Amino acid sequence: MDNHSSHRSEDTINLFKDLGIEILFLPSYSSYLNPVERIWGWIKLKWRAFNMAMPDVHESDRQKEIEQIC
């Protein structure tokens, strides 16, 4: 089970124990182990670099840049 607070409540744990079910919890979430987080990090890096280099760009040009980055 994940680490949602309702899964860790005493009532939930007791219910599973009464049913003879062993509870195994997943490790805590780590963005470093999730590949999609690395992709989003790269996209945000590119987006920030674009905004720093061209702060006065028109909104339609920003949309084109987003499309190009993605």
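Residues numbered from 1 in each chain as written. Predicted model: local features only at pLDDT ≥ 70, side-chain atom pairs only at ≥ 80, totals over all residues. Heavy atoms only, no water.

S.K.: Where do I start with the overall build of the protein in this structure?
M.R.: On a plain count of helices and strands, the protein comes out with 3 helices and 0 strands. Counted from the first residue to the last, the protein has its helices and strands arranged as α-α-α. Over its C-alpha trace the protein gives a radius of gyration of 22 Å, far above what one expects of a compact globule, namely 11 Å for 70 residues. The principal-axis extent of the C-alpha atoms belonging to the protein is close to 65 × 20 × 15 Å. Going through the 70 residues of the protein one by one, you find that 10% of them count as buried. In the protein, the proportion of contacts linking residues at least 24 apart, taken out of those at least 6 apart, comes to 22%. Total accessible area computed for the protein in this model is approximately 6300 Å², and 58% of it derives from carbon and sulfur atoms. Where the 8 positive side-chain charges of the protein centre and where its 11 negative ones centre are 9 Å apart. (Helix = DSSP H or I, 4+ residues; strand = E, 2+ residues; numbered from the N terminus. Rg over C-alpha atoms; globule rule 2.2 N^0.38 Å. Buried < 20%, exposed > 50% of the residue type's maximum accessible area, 1.4 Å probe, protein only. Contact = heavy atoms within 4.5 Å. Areas by Shrake-Rupley, 256 points an atom, 1.4 Å probe, with all protein chains shown as cover. Lys, Arg positive; Asp, Glu negative; His and termini not counted. Charge placed at Lys NZ, Arg CZ, Asp CG, Glu CD.)

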